[in-house]
Amino acid sequence: MGKLRIGIIGLGTVGSGVYKTLQGNDSVEIVKIAVKNLNKPRSVNVPADIITDNPDEVIKNPSIDVVVELIGGVNPAYEYLETAIKNGKHIVTANKELLAKRGEELFNLAEEYNKVVLYEAAIAGGIPIIMPIKTILAGNKINKIHAILNGTTNYILTKMDTEGASYEDVLKEAQALGYAETDPTGDVEGFDAAYKITTLATIAFKKRVKIENVYREGITKIRKEDMAKANELGFKIKLIASAEIDDNGNADVRVHPMLVSKDNMLAHIDYVTNAVLISGHPIGSIVLSGPGAGEFPTASSVVGDILAIAAEFGKTDYMLPMMRCNHTQKANPVKIEDTYNKYYISITAPNAIGVIAKIGTICANKNISLSSILQKGVSEDNTADITVITETCQEKLIREVVEELKDCTVNSLIRVAS
Ligand SMILES: NC(=O)c1ccc[n+]([C@@H]2O[C@H](COP(=O)([O-])OP(=O)(O)OC[C@H]3O[C@@H](n4cnc5c(N)ncnc54)[C@H](OP(=O)(O)O)[C@@H]3O)[C@@H](O)[C@H]2O)c1
């Protein structure tokens, strides 16, 4: 067999890592690389006859077997991959946004043309997660995933925790160090993690989860006071991408900050490291952790996917059957108001006699039990800071509690991971 002939679209952070990693590889030949701007300085020396600014030289090139899409975004990435599949190419992509928004169409089209789409790098960068779920964990019924899938937000939360610094100060520092983008919205508002958990939940539950049904909250409202309080109570605050499914196919998929007990491994995943905790039967629970982004960790997953195709290419008419994604059943979405959680509530209340009793009564009237309620001293302005942790209750009811606490200021309402 000859070498697998690949074309790459995109030679940025990930594309450069893939190019470097494939140098000297015996089973893969890079035929063409398409970029946007031919004159841009690169960290790799690519022969001039390989690089082009015309994507058609990759996606319509008859001598290319696999198109590796590393440009990001939905358009024109989707159109490029559609053309590539129709021109007989298998696909490798690292594009989480594309998969979350148009994955179903892409997978269906690929199946129609008997092509595979591999996307290991799109979920947790360098952490292998799709291949393990599709192969060695295939005998499991996975019912829960809790994951840290965004390095930027985990870096910010870790710094806030260890340095007692504010969100705004740490964000500025992260931007200066290149850990956060100039426009950090995609990371800090949870979009990036939401894209990843949408596809991850679809694969793990074998039911289509739609991005529109994934509840999302970012980390911008987390205060350094919450960090300190969480610590005191035995927790860390993490941006958790969570997906749970019940026996009736009701899927509760969301991204938001959570208090995570220090007994939970996810509490100790710091800085840019990512981790995925998977629970199911018969495995029980496992945690996979490692670098969730970056040139070489991401290239590791992209190259792994390319080599998986190289290993089977030309040897079978139906390649990599276990890696295909053709779930027709949809998951039933669960609205956030209908979910059940424990809550951390930080309240500033007028320092009046009976204020704690009043909070307790408002909760009790809705059948919400409190696992702890604590007040520390009284401020100079004669207000008291009160922290409450509830037992499990419905989100709808806790929102009513917040409404009824109108004499007080509710500083934060953060869900607590179970
Ligand atoms: N960076 C990470 O750590 C990481 C981790 C996991 C997944 N990913 C995913 O990997 C993908 C690539 O990310 P990246 O960080 O490598 O991005 P990047 O550094 O911004 O690179 C993007 C590349 O795509 C090229 N490009 C953009 N639009 C194009 C077009 N219309 N036609 C041809 N080429 C085009 C750019 O060309 P020029 O160089 O000429 O501008 C550039 O080389 C994204 O989907 C991202 O979400 C990234």
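Residues numbered from 1 in each chain as written. Predicted model: local features only at pLDDT ≥ 70, side-chain atom pairs only at ≥ 80, totals over all residues. Heavy atoms only, no water.

**Considering the packing of aromatic side chains**
Okay, so step 1: All chains considered together, the criterion is met by 3 aromatic pairs.
Okay, so step 2: Seen from their ring centres, Tyr155 and Tyr179 are 4.5 Å apart, and the 50° between their planes marks the pair as tilted. Placement of Tyr155 in helix H7 (residues 151-163) and of Tyr179 in the loop between helix H8 (167-177) and helix H9 (185-188) is noted, with a sequence separation of 24 residues between them.
Okay, so step 3: Residue class for Tyr179 comes out partly exposed when judged on its relative accessible area of 40%.
Okay, so step 4: Put simply, the rings of Tyr155, Tyr179 and Tyr271 touch in pairs and so form one group of aromatic residues.
Okay, so step 5: Sitting over the face of the ring of Tyr78, Arg102 holds its NZ or CZ atom 3.8 Å from the ring centroid.
Okay, so step 6: Geometry around Tyr318 places Arg324 over its ring, the cationic atom sitting 3.7 Å from the centre. (Phe/Tyr/Trp six-rings, centres within 6.5 Å; stacked < 30°, edge-to-face > 60°. Helix = DSSP H or I, 4+ residues; strand = E, 2+ residues; numbered from the N terminus. Buried < 20%, exposed > 50% of the residue type's maximum accessible area, 1.4 Å probe, protein only. Lys NZ or Arg CZ within 6 Å of the ring centre and 35° of its normal.)

**Some details on the nonpolar core**
Okay, so step 1: Ranked by internal contacts, the top residues of the largest apolar core, which has 114 residues, are Ile6, Val18, Ile156, Ile197, Val302 and Ile306.
Okay, so step 2: Among the elements that take part in this core, helix H10 (residues 191-205) stands out by supplying 9 residues, more than any other.
Okay, so step 3: Beyond its immediate chain neighbours, meaning those up to four positions away, Val18 contacts Ile8, Leu70, Ala299, Val302, Val303 and Ile306.
Okay, so step 4: Listed in part, the 17 residues of the second largest apolar core include Ala384, Val388, Cys393 and Ile398. (Core = buried A, V, L, I, M, F, W, Y, C linked by side-chain atoms within 4.5 Å. Contact = heavy atoms within 4.5 Å.)

**A short note on the domain arrangement of the protein chain**
Okay, so step 1: Split into domains, the protein chain comes out as domain 1 (4-125 + 295-323), domain 2 (130-292) and domain 3 (337-416).
Okay, so step 2: Computed from C-alpha coordinates alone, the two centres of domain 1 and domain 3 are separated by 51 Å. (Domains from an automatic or database assignment.)

**Here we look at a nonpolar patch on the surface**
Okay, so step 1: Together, Leu177, Tyr179, Tyr271 and Val272 give the surface a local cluster of nonpolar side chains, amounting to about 360 Å² of exposed area.
Okay, so step 2: As for its position among the elements, Leu177 is in helix H8. (Patch = residues over 30% accessible without salt bridge, like charges linked within 9 Å, V, L, I, M, F, W, Y side chains within 5 Å. Areas by Shrake-Rupley, 256 points an atom, 1.4 Å probe, with all protein chains shown as cover. Salt bridge = Lys/Arg side-chain N within 4 Å of Asp/Glu carboxyl O.)

**Overview of helix H3 (residues 77-86)**
Okay, so step 1: The complete set of buried residues in H3 reads Ala77, Tyr78, Leu81, Ala84 and Ile85. Down the axis of H3, the buried side of the element spans an arc of 125°, and every buried residue falls inside it.
Okay, so step 2: Where the residues of H3 are buried, they touch helix H2 (56-59), strand S4 (66-69), strand S5 (90-93) and helix H4 (96-112).
Okay, so step 3: Phi turns positive one or two residues past the end of H3, at Gly88, with a value near 85°. (Arc of directions from axis to C-beta.)

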